[in-house]
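# Chains, contacts and geometry: an overview
Next come the chains, spelled out residue by residue.
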Amino acid sequence: MLLSRKLPIIQKSKLLYKGHIKPLSNYHTLCLSFIIPHGSTDMWIFPMKKYAFNYGSSAALFMFQPMRIKFLFLFLYSFFHIKNDIQASLPIQLVYSSAIHLSWACFPEWALTYLAWIHTSLHYYKVVPFLSKLQLCTLFVTHIFTYILLKKYETDDLSLGGSWIPIVIGHIMTNS
C-alpha cells in the first residue's frame, strides 16, 4: 500500500484534485491536440446508432461517478483497447497492454507520447482510407483548433472534473 502511493502515476493523479501550477508544455499541448480529435472519426466511420449508444451509455453510467471510479473504469477499458494496437494472439496482446500500462504507471509522461505517436497514428492508419477529403480537412482543422484551445486555457481548467473520461470510454466502446 505504501509503495502504490509513491508511484508517479498516483502523484500525477493528485494534480487533478489540486490543479496544476504550470501551463502545459508545447510538447504536451501538441500530443493532446493530436490525441483528442481522433475520436471524432467515430461519427464518420461507424453507424450513428452504434456510436450514439456507446457515447450515450458511457455518459449515463460514468459522468456523475467519483473521479476514482471514472479512472478505474478508464484504466480497465484502456487496458482492453490498447491490446488492439498489435496484431497477435490474445495472450500476447494482453502482455503487451500490461507492459504499456505498467510503463505509464511508472512514467506517466509516456502515456501522452504513446497515445499521440503510436496509438493515434495506428487509429488514423486504419480509418483514413475511409474518410473523404472534406472529412480529412475537417479533422486537420480540428487538430489546429484543439491546439489553440489548449494553449488558451490554464492547465487546471482542463481536468473538467473528469467529464472527458466518459467520452474516452465511449470511443473505446465504439472501437472495440
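In the block above lies the structure referred to throughout.
This text gives an overview of the structure that appears in the document. None of the values given here were measured: they were computed from a predicted structure. (Residues numbered from 1 in each chain as written. Predicted model: local features only at pLDDT ≥ 70, side-chain atom pairs only at ≥ 80, totals over all residues. Heavy atoms only, no water.)

### Considerations on the environment of Lys 83
- Within the element layout of this structure, Lys 83 appears in the loop between helix H6 (67-82) and helix H7 (90-106).
- Once the C-alpha coordinates of Lys 83 and Gln 93 are considered, the two residues, 10 residues apart in sequence, prove to be 4.8 Å apart.
- Excluding its chain neighbours within four sequence positions, the residues that come into contact with Lys 83 are Leu 90, Gln 93, Leu 94 and Ser 97.
- Reaching out from Lys 83, the side chain makes a polar contact with the side chain of Asn 84 at a distance of 3.0 Å. (Helix = DSSP H or I, 4+ residues; strand = E, 2+ residues; numbered from the N terminus. Contact = heavy atoms within 4.5 Å. Polar contact = N/O pair within 3.5 Å; in protein donor to acceptor, adjacent residues only side chain to side chain.)

### Structural notes on the layout of surface pockets
- There is about 200 Å³ of room inside the second largest pocket.
- In terms of residues, the lining of the second largest pocket owes the most to one element, helix H8 (residues 109-127), which gives 5 residues.
- Partitioned by chemical class, the residues of the lining of the second largest pocket number 4 nonpolar, 6 polar and 2 charged. (1 Å grid on protein atoms, 1.4 Å probe; cavity = no way out; pocket = protein on both sides within 12 Å on 5 of 7 lines; lining within 4 Å. Points joined across faces, edges and corners; volume = space filled by probe spheres on them. Nonpolar A, V, L, I, M, F, W, Y, C, P; charged D, E, K, R; others polar.)

### Details of H7
- In a regular helix each residue adds 1.5 Å, so 17 residues correspond to 24 Å; H7 covers 24 Å between its end C-alpha atoms and thus fits that length.
- Every buried residue of H7 is listed here: Gln 93, Ser 97, Ile 100, His 101, Ser 103, Trp 104 and Ala 105. (Expected span 1.5 Å × (residues − 1). Buried < 20%, exposed > 50% of the residue type's maximum accessible area, 1.4 Å probe, protein only.)

### Observations concerning the side chain of Thr 120
- With respect to the helices and strands, Thr 120 occurs in helix H8.
- Among the residues examined, Thr 120 registers a relative accessible area of 0% and is labelled buried.
- Within polar-contact distance, the side chain of Thr 120 engages the backbone oxygen of Leu 115 at 2.6 Å.
- Aside from chain neighbours lying at most four places away, what touches Thr 120 is Phe 34, Ile 35, His 38 and Leu 115.

### Description of the nonpolar core
- Judged by nonpolar contacts, Leu 24, Cys 31, Leu 32, Ile 35, Leu 112, Ala 116 and Leu 150 together constitute the single largest core of 7 residues.
- Breaking this core down by element, the ones donating at least two residues are helix H3 (26-35) and H8.
- Counting residues per element, this core draws most heavily on H3, at 3 residues.
- With residues near it in sequence (within four places) discarded, Ala 116 still touches Cys 31, Phe 34, Ile 35 and Ser 121.
- By size, the runner-up hydrophobic cluster in this structure holds 5 residues, among which are Ile 100, Trp 104, Ala 111 and Tyr 114. (Core = buried A, V, L, I, M, F, W, Y, C linked by side-chain atoms within 4.5 Å.)

### A word on helix H10 (residues 165-174)
- Among the 10 residues in H10, 7 count as buried, and that is most of the element.
- Buried residues in H10 make contact with helix H4 (42-45), helix H5 (48-62), H6 and H8.

### With respect to the side chain of Asp 42
- With respect to the helices, strands and loops of the structure, Asp 42 is situated in helix H4.
- Here Asp 42 is buried and forms no salt bridge, its nearest opposite-charge partner Lys 50 lying at an N-O distance of 8.7 Å. (Lys, Arg positive; Asp, Glu negative; His and termini not counted. Salt bridge = Lys/Arg side-chain N within 4 Å of Asp/Glu carboxyl O.)

### Quick notes on the packing of H3 against helix H9 (residues 133-152)
- For the pair H3 and H9, the least separation of the axes is 8 Å and the interaxial angle reads 140°. Judged on the interaxial angle alone, H9 and H3 are oblique. Crossing angle aside, the handedness with which H3 passes H9 is right-handed. Contact with H3, carried on its side by Asn 26, Thr 29, Leu 30, Leu 32, Ser 33 and Phe 34, involves His 143, Thr 146, Tyr 147, Leu 150 and Lys 151 of H9 and no other residues of that element.
- The class makeup of the residues in the contact of H3 with H9 is 5 nonpolar, 5 polar and 1 charged. (Axes fitted to C-alpha atoms, helices over the stretch in contact; angles between N-to-C directions. Parallel < 35°, antiparallel > 145°, perpendicular 65-115°, else oblique. Left-handed = near helix turned anticlockwise from the far one by under 90°.)

### Thoughts on the packing of aromatic side chains
- Taken as a whole and assessed by the stated rule, the structure comprises 9 aromatic pairs.
- Seen from their ring centres, Phe 34 and Tyr 124 are 5.7 Å apart, and the 75° between their planes marks the pair as edge-to-face. Here Phe 34, found in helix H3, pairs with Tyr 124, found in helix H8; they are 90 residues apart in sequence, far enough to count as distant.
- Of the residues examined, Tyr 124 reaches a relative accessible area of 10% and is grouped as buried. (Phe/Tyr/Trp six-rings, centres within 6.5 Å; stacked < 30°, edge-to-face > 60°.)

### Quick notes on the packing of H6 against H10
- Where H6 meets H10, the axes come as close as 10 Å, and the angle between the chain directions of the two elements is 25°. Viewed along their axes, H6 and H10 adopt a mutual orientation that is roughly parallel. Crossing hand, H6 versus H10: left-handed. Within the contact between the two elements, H6 uses Lys 70, Phe 71, Phe 73, Leu 74, Tyr 77, Ser 78 and His 81 and H10 uses Ile 165, Val 168, Ile 169, His 171, Ile 172 and Met 173.
- Along the lines of polarity and charge, the residues of the contact of H6 with H10 split into 9 nonpolar, 3 polar and 1 charged.

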